[in-house]
Amino acid sequence: MDHSQNLAKKVFLINLFWFLWMFCLIGVSHAQTSTSKIKVVLFQPIYHGPSNLEGMAKEFEDAIGRRLTAMGLSIVLQPGPARNAQEALEIGKKEGAPFSVYGPMTVVGKSFSMDLRVAWTGEGQKGVKIVSEEGVLSQKETFLDDFSKTLFDCLIAPLKIASLKVVGNRRVDTDAILQEARLREGDPFDQEKIKESIKNIFKMGFFDDIRVDVKDSPEGKLVTFLVREKPCIRKIIFKGNK
């Protein structure tokens, strides 16, 4: 009896181990698939500083590119700096990348700064964000780690919900509808969750049509629920025998 119990326990633990291992693999695969949808054109920074350190520009481009690739993004390195914003945008569009990253780096004494522009080249409203940080030459690796993480957070914004709106409601309060949608600004954008939101809003019983409009922006997905309320019964008229 004890032997059977021990054997069953071992089998259970082995199955549990494999289940957790496969769950972790699926989770990692999902994360990589999500971020790999974002393609980024990364230009070599425009260097300002002593001529003997000019190689830092290419060094930093390669280092940041490796870090962002390790985080799951698809990075296209450019052999030189962008001459201007227009060139950065045009090359980004040509590569099919929603983002172009370009800008200057400056070295003064033992310190340096990076002031990179993150330009949105995709559909919808245009915009440019500036990612700016300072560092010291003796701690370049630490700077590159921190700067790459900040840049990464900026670049994955399109995978998140930037805004939630409701259009078409007259009698039903917007906050009540969004509460039933069970989505928040800043949540990862997920088509399945959008479908669930539509079902939840329908369950309120006030609408006979619900559609969702999604637009891209540098800040993320702009989600709008387009609703049509059921007609309101204003009066009831009885005809015939009393």
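Conventions and cut-offs
Residues numbered from 1 in each chain as written. Predicted model: local features only at pLDDT ≥ 70, side-chain atom pairs only at ≥ 80, totals over all residues. Heavy atoms only, no water. Buried < 20%, exposed > 50% of the residue type's maximum accessible area, 1.4 Å probe, protein only. Helix = DSSP H or I, 4+ residues; strand = E, 2+ residues; numbered from the N terminus. Arc of directions from axis to C-beta. Contact = heavy atoms within 4.5 Å. Polar contact = N/O pair within 3.5 Å; in protein donor to acceptor, adjacent residues only side chain to side chain. Axes fitted to C-alpha atoms, helices over the stretch in contact; angles between N-to-C directions. Parallel < 35°, antiparallel > 145°, perpendicular 65-115°, else oblique. Left-handed = near helix turned anticlockwise from the far one by under 90°. Core = buried A, V, L, I, M, F, W, Y, C linked by side-chain atoms within 4.5 Å. Phe/Tyr/Trp six-rings, centres within 6.5 Å; stacked < 30°, edge-to-face > 60°. Salt bridge = Lys/Arg side-chain N within 4 Å of Asp/Glu carboxyl O. Expected span 1.5 Å × (residues − 1). pLDDT = per-residue confidence, 0-100. Pairing = 2+ DSSP bridges.

Next up on the list: helix α5 (residues 174-181). The set of residues buried in α5 consists of Ile177, Leu178 and Ala181. Buried residues of α5, viewed axially, fall in a sector of 95°; they line one side. α5 presents Asp175 and Gln179 as exposed residues on the side facing more than 90 degrees away from its buried surface. If you follow the buried residues of α5, they end up packed against β8 (161-167), α6 (191-202), β9 (207-215) and β10 (221-229). Regarding α5, its N-cap is aspartate 173, as a side-chain oxygen of that residue lies 3.1 Å from the backbone nitrogen of aspartate 175 further along. Looking one or two residues past α5, arginine 182 carries a phi angle of roughly 60°, positive in sign.

Right, let's get into the packing of helix α2 (residues 56-70) against helix α4 (residues 140-155). To describe two helices that pack against each other, one gives the angle between their axes and the distance between the axes. The N-to-C vectors of α2 and α4 enclose an angle of 55°; their axes lie 9 Å apart at closest approach. One finds that α2 runs oblique with respect to α4. The handedness of the crossing between α2 and α4 comes out as right-handed. Across the interface between the two elements, Met56, Glu59, Phe60, Ala63, Ile64, Arg67 and Leu68 of α2 pack against Lys140, Glu141, Phe143, Leu144, Asp145, Phe147, Ser148, Leu151, Phe152 and Leu155 of α4.

Position of glutamine 78 relative to the elements: it lies in the loop between β3 (74-77) and α3 (85-94). When residues no more than four places from it in sequence are discounted, the contact partners of glutamine 78 are Val41, Leu42, Phe43, Gln44, Lys58, Glu61, Ile91 and Glu95.

Counting residues in hydrophobic clusters, the biggest one holds 30 residues, and the most contacted among them are Leu151 and Leu155. Within the residue set of this core, elements represented by two or more residues are β1 (39-42), α2, β4 (99-102), β5 (104-108), β6 (111-120) and α4. The leading source of residues in this core is α4, at seven residues. Those residues in contact with leucine 151 that lie beyond four places of it in its chain are Ile64, Leu68, Val101, Val118 and Val131. Membership of the second largest hydrophobic core comes to 17 residues, among which are Leu164, Ile177, Val223 and Val227.

What follows deals with the packing of aromatic side chains. Going through the model one piece at a time under the given rule, you end up with six aromatic pairs. With 5.5 Å between their ring centres and 20° between their planes, phenylalanine 143 and phenylalanine 147 make a pair best called stacked. Note that phenylalanine 143 and phenylalanine 147 are positioned in helix α4 at a spacing of four residues, about one turn of the helix. Taking the relative accessible area as the measure of exposure, phenylalanine 147 reaches 0% and is therefore buried. Grouping aromatic residues by their ring pairs yields a cluster made of Phe60, Phe112, Phe143 and Phe147.

It is worth spelling out the pattern of salt bridges at this point. Counted under the stated rule, the structure contains 13 salt bridges. For glutamate 196, the salt bridge identified is with lysine 199, shortest N-O distance 3.8 Å. Of the two residues, glutamate 196 and lysine 199 are both situated in helix α6; the distance of three residues between them amounts to about one turn of the helix. Residue classification places glutamate 196 among the partly exposed positions, given a relative accessible area of 42%. Taking the shortest distance from any N to any O, the salt bridge between arginine 228 and aspartate 208 comes out at 2.9 Å.

Turning our attention to α4. Relative to the 22 Å expected for 16 residues at 1.5 Å per residue, α4 spans 22 Å between its end C-alpha atoms, a close match to the ideal helical length. Within α4, the full set of buried residues consists of Phe143, Leu144, Phe147, Ser148, Leu151, Phe152, Cys154 and Leu155. With its buried residues spanning 160° around the axis, α4 presents them on a single face.

So, on to the confidence of the model for the protein chain. Fine structural detail should not be taken from predicted coordinates in areas where pLDDT scores are low. On average, the protein chain scores 84 in pLDDT, and the residues at 70 or more come to 79%. Residue range residues 18-33 is modelled with pLDDT below 50. Its contacts to residues more than four positions away, or to other chains, number one contact.

A word on the environment of arginine 66. Counting through the fold element by element, arginine 66 comes out in helix α2. Relative accessible area serves as the criterion here: at 55%, arginine 66 is assigned to the exposed category. For the pair formed by arginine 66 and serine 148, sequence separation is 82 residues and the distance between their alpha carbons is 9.5 Å.

When β1 meets β3, the two strands line up parallel, connected through four bridges. In the strand pairing of β3, lysine 39 is matched with serine 74. For β1 and β4, the ladder comprises three bridges, and the chain directions are parallel. Residue pairing for β4: valine 40 is matched across the bridge by phenylalanine 99.

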